[in-house]
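Geometric and topological summary
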Amino acid sequence: MKNTKTTSLVRIALLMAITIVLAATPLGYIPAGPLSFTIMVLPVAIGGVLLGRNAGLILGLTFGITSLMSAPSQAMGQLLLAQSGILTAVICIVPRVLVGLIAGLFFRVQYKDGKRPLWVYLAAGGAASFANTALFLGLLYVCSHELIEGAFGVAVWSSTLIGGVVELAANAVLTMVIAKALERTTAPAA
């Protein structure tokens, strides 16, 4: 039992490290106008579906904290920080923690042989990506709707509609491919 817990903690730590590396490099946030596209959802979705809800929550929190830390270097983040630091923290962290929870809900879906079908990984990656975009923009609109109205709003919504679909598809497929490959080496979390 202790060995299983240690193994799970090591796997979570590795996915946290990957999240931090993605956040610190251009690979994590790809600039696109006032917003950025992200594959930061990937380690959260993989951790949630392979290791469970608690791992998803921890990885989502890591994603949220790195998002908050990168806010001063992004156009939208600068506008949010000028409005309120607490509001920025809520908008950056809460959706990402919920992304981890959503990915973790797919952990329990298995067949009798203990393996998950491909569609579970695909759905976990797609749902996590969709939740990230929808919850972030939803909170952004509810808390700071004046920032995304007018001409700036057109840029936000158009980049979200176009890029959000691409981001969702990429995260879904990458989660499926990577998580399925790791499935053999990942023991279920306790």
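Each chain carries its own residue numbering, running from 1 in the direction its sequence is written. Whole-chain, interface and lining totals are the exception, using all residues; otherwise, since this is a predicted model, local features are given only for residues with pLDDT of at least 70 and side-chain atom pairs are given and counted only at 80 or more. Each side-chain value is worked out from all heavy atoms of the structure, with water and hydrogens disregarded.

**Details of the overall build of the chain**
- Secondary structure elements are taken from DSSP: a helix is a run of H or I of four residues or more, a strand is a run of E of two residues or more, and numbering for both begins at the N terminus. Of the regular secondary structure elements, the chain holds seven helices and two strands.
- When the helices and strands of the chain are read in sequence order from the N terminus, they spell out α-β-β-α-α-α-α-α-α.
- Note on classification: 1.4 Å probe, protein chains only; a residue is buried when its accessible area is under 20% of the maximum for its type, exposed when over 50%, partly exposed between these limits. Looking at the chain residue by residue over its 190 residues, the buried ones come to 44%.
- Here the contacts in the chain between residues at least 6 apart in sequence split such that 75% fall between residues at least 24 apart.
- For the chain, the computed accessible surface area is about 9400 Å², with 75% contributed by carbon and sulfur atoms. Note on contacts: a residue pair is in contact if any heavy atoms of the two residues lie within 4.5 Å. The method behind every accessible area is Shrake-Rupley, applied with a 1.4 Å probe, and residues are considered shielded solely by the protein chains displayed.

**Observations regarding the side chain of arginine 96**
- Note that arginine 96 resides in helix α5 (residues 85–105).
- Charge assignment in this entry is limited to Lys and Arg as positive and Asp and Glu as negative, and neither His nor the chain termini are counted. Every case where a carboxyl oxygen of Asp or Glu lies within 4 Å of a side-chain nitrogen of Lys or Arg is listed as a salt bridge. Among buried Asp, Glu, Lys and Arg side chains, arginine 96 stands out as unpaired, with glutamate 167 the closest opposite charge at 7.5 Å.
- In terms of polar contacts, arginine 96 uses its side chain to reach the backbone carbonyl oxygen of cysteine 92, at 3.0 Å.
- Not counting residues within four places of it along the chain, the set of residues in contact with arginine 96 comprises Gly60, Phe63, Gly64, Ser67, Ile91, Asn132 and Phe136. Residues adjacent in sequence count toward polar contacts only when both atoms are side-chain atoms; beyond that, a polar contact is any pair of N or O atoms within 3.5 Å, and within protein one must be able to donate a hydrogen and the other to accept it.

**Topic: a nonpolar patch on the surface**
- On the surface, Leu122, Val173, Leu174, Val177, Ile178 and Leu182 cluster together into a nonpolar patch covering about 430 Å² of accessible area.
- Broken down by element, the nonpolar patch gets its largest block of residues, five residues, from helix α7 (residues 150–183).
- Among the secondary structure elements, valine 173 is positioned in helix α7.
- Overall, valine 173 belongs to the partly exposed group, its relative accessible area being 41%. Think of a patch as exposed residues, more than 30% relative accessible area, with no salt bridge, where like charges cluster within 9 Å and nonpolar side chains (Val, Leu, Ile, Met, Phe, Trp, Tyr) cluster within 5 Å.

**Digging into the nonpolar core**
- In terms of nonpolar packing, the biggest core is built from 26 residues, with Val49 and Leu50 touching the most fellow members.
- When residues of this core are traced back to their parent elements, those giving at least two are α1 (2–24), α2 (41–51), α3 (53–70), α5, α6 (118–144) and α7.
- Counting residues per element, this core draws most heavily on α2, at eight residues.
- In contact with valine 49, other than residues within four places in its own chain, are Ala103, Phe106, Phe107, Arg116, Val120, Tyr121, Ala124 and Ala179. Nonpolar cores are built from buried Ala, Val, Leu, Ile, Met, Phe, Trp, Tyr and Cys residues. Side-chain atoms within 4.5 Å join them into one set.

**Notes on the packing of aromatic side chains**
- Classification of ring pairs uses Phe, Tyr and Trp, with its six-membered ring standing for Trp, and accepts pairs whose centres are within 6.5 Å; under 30 degrees between planes counts as stacked, over 60 as edge-to-face, and the remaining range as tilted. Following the criterion strictly, the structure yields zero aromatic pairs and no others.
- Across from the ring centre of phenylalanine 63, 4.7 Å away, lies the NZ or CZ of arginine 96, which sits over that ring. Whether a charge sits over a ring depends on NZ of Lys or CZ of Arg being within 6 Å of the ring centre and within 35 degrees of the ring normal.

**With respect to the packing of α2 against α6**
- Axis geometry follows a simple rule: fit a line to the C-alpha atoms, using only the stretch in contact for helices, then measure angles between N-to-C directions, giving values from 0 to 180 degrees. Relative orientation of the contacting elements α2 and α6 amounts to 135 degrees, with a least axis distance of 9 Å. The angle between α2 and α6 places the two elements in the oblique class. When you trace α2 past α6, the crossing you get is right-handed. Between α2 and α6, the residues in contact are Val41, Ala45, Val49 and Leu50 and Val120, Tyr121, Ala124, Gly125, Ala128, Ser129 and Asn132, respectively.
- Any residue that is not Ala, Val, Leu, Ile, Met, Phe, Trp, Tyr, Cys, Pro, Asp, Glu, Lys or Arg is counted as polar, Gly included; the first ten are nonpolar and the last four charged. Of the residues assigned to the contact of α2 with α6, the class counts are eight nonpolar, three polar and no charged. Each angle receives one of four descriptions, namely roughly parallel if under 35 degrees, roughly antiparallel if over 145, roughly perpendicular if within 65 to 115, and oblique otherwise. Put simply, a crossing is left-handed when the front helix is turned counterclockwise from the back one by less than a right angle, and right-handed when it is turned clockwise.

**Here's the deal with α2**
- Within α2, 11 of the 11 residues are buried, leaving the element largely enclosed by the surrounding structure.
- All of the buried residues in α2 are Val41, Leu42, Pro43, Val44, Ala45, Ile46, Gly47, Gly48, Val49, Leu50 and Leu51.
- Trailing α2 by a residue or two, glycine 52 shows a phi angle of about 110 degrees, which is positive.

**Observations concerning the side chain of serine 70**
- When you line up the elements, serine 70 lands in helix α3.
- In terms of polar contacts, serine 70 uses its side chain to reach the backbone carbonyl oxygen of serine 67, at 3.0 Å.

**Here we look at the confidence of the model for the chain**
- For every residue, the pLDDT score states the predictor's confidence, bounded by 0 at the bottom and 100 at the top. Overall, the prediction assigns the chain a mean pLDDT of 82, with 82% of residues at 70 or greater.
- Element-level mean pLDDT values for the chain span from 69 in strand β2 (residues 35–38) up to 93 in α3.

**Brief notes about the packing of α3 against α5**
- Packing of α3 against α5 brings their axes to within 7 Å, and their N-to-C directions diverge by 155 degrees. The angle between the axes of α3 and α5 places the two elements in the roughly antiparallel class. Handedness of the crossing formed by α3 with α5: right-handed. Contacts between α3 and α5 pair Arg53, Gly56, Leu57, Gly60, Leu61, Phe63, Gly64, Ile65, Ser67 and Leu68 from the former with Thr88, Ala89, Cys92, Ile93, Arg96, Val97, Gly100, Leu101 and Gly104 from the latter.
- A per-class count over the contact of α3 with α5 returns 10 nonpolar, seven polar and two charged.

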